[in-house]
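Each chain, letter by letter, is given below.
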Amino acid sequence: MVNNSIADRNFLRGSLAALVTPMDIKGQIDKPSLKKLVNYHVDNGTTAIVSVGTTGESATLEHREHLEVVLMTLEYADGRIPIIAGSGANATQQAIAVTKSLEKTGIVACLAVTPYYNKPSQEGLFQHFKAIAEQTDLPQILYNVPSRTGCDLLPETVARLAKLGNIVALKEASGDLSRVNRIRRLINDDNFILLSGDDATALDFIQLGGQGVISVTANIAAKLMAEICKLALTGKYAEAHKLNYRLSELHHQLFIEPNPIPVKWACYQLGLINSDTLRLPMTPLTQTGQIAVQRALKIADLQKI
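Residues numbered from 1 in each chain as written. Predicted model: local features only at pLDDT ≥ 70, side-chain atom pairs only at ≥ 80, totals over all residues. Heavy atoms only, no water.

**Q** Whenever I open this one, the overall build of the protein confuses me. Can you help?
**A** Per the secondary structure count, the protein includes 12 helices and 8 strands. Principal-axis analysis of the C-alpha atoms gives the protein an extent of 45 × 45 × 40 Å. Looking at the protein residue by residue over its 305 residues, the buried ones come to 55%. Counted over contacts in the protein with a minimum sequence separation of 6, partners at least 24 positions apart contribute 74%. Element-wise, carbon and sulfur atoms account for 50% of the exposed surface of the protein, whose accessible area totals about 13100 Å². The averaged location of the 29 negative side-chain charges in the protein is 2 Å from the averaged location of its 30 positive side-chain charges. (Helix = DSSP H or I, 4+ residues; strand = E, 2+ residues; numbered from the N terminus. Buried < 20%, exposed > 50% of the residue type's maximum accessible area, 1.4 Å probe, protein only. Contact = heavy atoms within 4.5 Å. Areas by Shrake-Rupley, 256 points an atom, 1.4 Å probe, with all protein chains shown as cover. Lys, Arg positive; Asp, Glu negative; His and termini not counted. Charge placed at Lys NZ, Arg CZ, Asp CG, Glu CD.)

**Q** Any chance you could explain the packing of aromatic side chains here in plain terms?
**A** Geometrically, a pair of aromatic rings is defined through the distance of the ring centres and the angle of the planes. What the rule picks out here adds up to 0 aromatic pairs. For the cation-ring pair, lysine 171 lies above tyrosine 143, with the distance from its terminal atom to the ring centre recorded as 4.0 Å. (Phe/Tyr/Trp six-rings, centres within 6.5 Å; stacked < 30°, edge-to-face > 60°. Lys NZ or Arg CZ within 6 Å of the ring centre and 35° of its normal.)

**Q** What am I meant to see in the side chain of asparagine 259 here?
**A** Considering the arrangement of structural elements, one finds asparagine 259 in the loop between helix H10 (237-253) and helix H11 (261-269). Asparagine 259 gets classed as buried once you look at its relative accessible area, which sits at 9%. There is a polar contact of 2.9 Å between the side chain of asparagine 259 and the side chain of threonine 55. Those residues in contact with asparagine 259 that lie beyond four places of it in its chain are Thr55, Arg148, Val216 and Met282. (Polar contact = N/O pair within 3.5 Å; in protein donor to acceptor, adjacent residues only side chain to side chain.)

**Q** Just to check I follow, could you spell out the sheet that holds strand S8 (residues 212-215) for this structure?
**A** Adjacent strands of a sheet form backbone hydrogen bonds with each other and so pair up, either parallel or antiparallel. Strand order in the closed barrel formed by 8 strands is S1-S2-S3-S4-S5-S6-S7-S8, with parallel pairing between adjacent strands. Taking the axes of each pair of neighbouring strands and ignoring which way they run, one obtains an average angle of 25 degrees across the sheet. (Pairing = 2+ DSSP bridges. Axes fitted to C-alpha atoms, helices over the stretch in contact; angles between N-to-C directions.)

**Q** In this structure, what is going on with the pairing of strand S2 (residues 48-51)? I would like to understand it.
**A** On any regular strand, side chains alternate: one points to one face of the sheet, the next to the other face. Alternating residues of S2 divide into Ala48 and Val50 and Ile49 and Ser51, and every residue in both groups is buried. Pairing analysis gives 3 bridges linking strand S1 (residues 14-18) to S2, with the strands arranged parallel. From the neighbouring strand, leucine 16 faces S2, where its bridge partner is alanine 48. At this point the chain moves from S1, through helix H1 (residues 31-43), to the parallel S2, and the crossover so formed is right-handed. For the segment spanning S2, helix H2 (residues 63-77) and strand S3 (residues 83-86), crossover handedness is right-handed. (Right-handed = clockwise from strand over helix to strand, strands pointing away.)

**Q** Explain the UniProt feature "active site" (unreviewed entry) in the protein here, please?
**A** Here, UniProt's "active site" (unreviewed entry) annotation points to Tyr143 and Lys171. For the annotated residues, spread through 29 residues, the largest C-alpha to C-alpha distance comes to 4.7 Å, consistent with a single compact locus. Its location among the elements puts tyrosine 143 in strand S5 (residues 140-144). The class for tyrosine 143 is buried, based on a relative accessible area of 7%. Not counting chain neighbours up to four residues away, the residues in contact with tyrosine 143 comprise Thr54, Leu111, Ala112, Val113, Thr114, Lys171 and Ala173. Mapped onto the secondary structure, lysine 171 falls in strand S6 (residues 167-172). For lysine 171, a relative accessible area of 4% puts it in the buried group. Apart from the residues within four sequence positions on either side, lysine 171 is in contact with Leu111, Ile141, Leu142, Tyr143, Asn144, Leu195, Ser196, Gly197 and Ile214. Of note is the side chain of lysine 171, whose polar atom sits 3.4 Å from the side chain of tyrosine 143. (UniProt positions renumbered as here; feature names shortened; annotations may be inferred.)

**Q** What is the right way to look at the UniProt feature "site: Part of a proton relay during catalysis" (unreviewed entry) in the protein in this model?
**A** UniProt records the feature "site: Part of a proton relay during catalysis" (unreviewed entry) at Thr54 and Tyr117, using the numbering of this structure. Relative to the elements of secondary structure, tyrosine 117 occurs in the loop between strand S4 (109-113) and helix H4 (122-133). In this structure tyrosine 117 comes out as exposed when scored by relative accessible area, which is 72%.

Here it is as structure tokens:
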């Protein structure tokens, strides 16, 4: 069975999938597709699955659905792969409520995105994550994605938060590679895990001292992403870059329109899910976007499952 102790952080190293949440044409959770996705990641070497993170459309799922999808993902995983649950919210009390509802479910950690829209100060961000950490024993992964949230969790604030016992990692999606060494210097603790949240720069991130990536691309290229991370983490950077070059166009085109619009369409095209349905205000991939993503899939030589 999966070990979810804070001391054992191997589930945070390598390629972690920021899983899409499959929906049927009516917008309801597609359970058969979810099961297929979980099996796909188990079979292709993904280290862990992030269930109902931002790529999993957490912003448009009801609280009840959020928990249901996490529980379904856990059921389908059946102890074969660790499950991390998205738990972020722009209201601190709501984030705490989500986190509390995930306790004793079997997840190994929570991924908490910075509060969006509010644009809190660094002190506000510190107090937000501190309040969550104090209310749970679940390991917490900070998630910084300023392009989507409107606020930036700075390295100095990360360092303050890293002193709290159950804040164990950071998903850094700013794309600023200089932050890897900066955060390492400030924290000076190899047990604190740094994960890239930007597929296009993830390999460079690992080469600079990161331990892995929470990947959108892994939704459709799980085996390749797992191998790239494995090579990089063992110092075989030339081989890793060769494989990554094959995916470089895909890393970019999966963000040609707001995530997860392109990756959900790609999942559907490859037969991983039964529909590319999204919930409003997200809309289907445009014709222009389809052409670009299809071309990237061809370059990556990804075949229909």
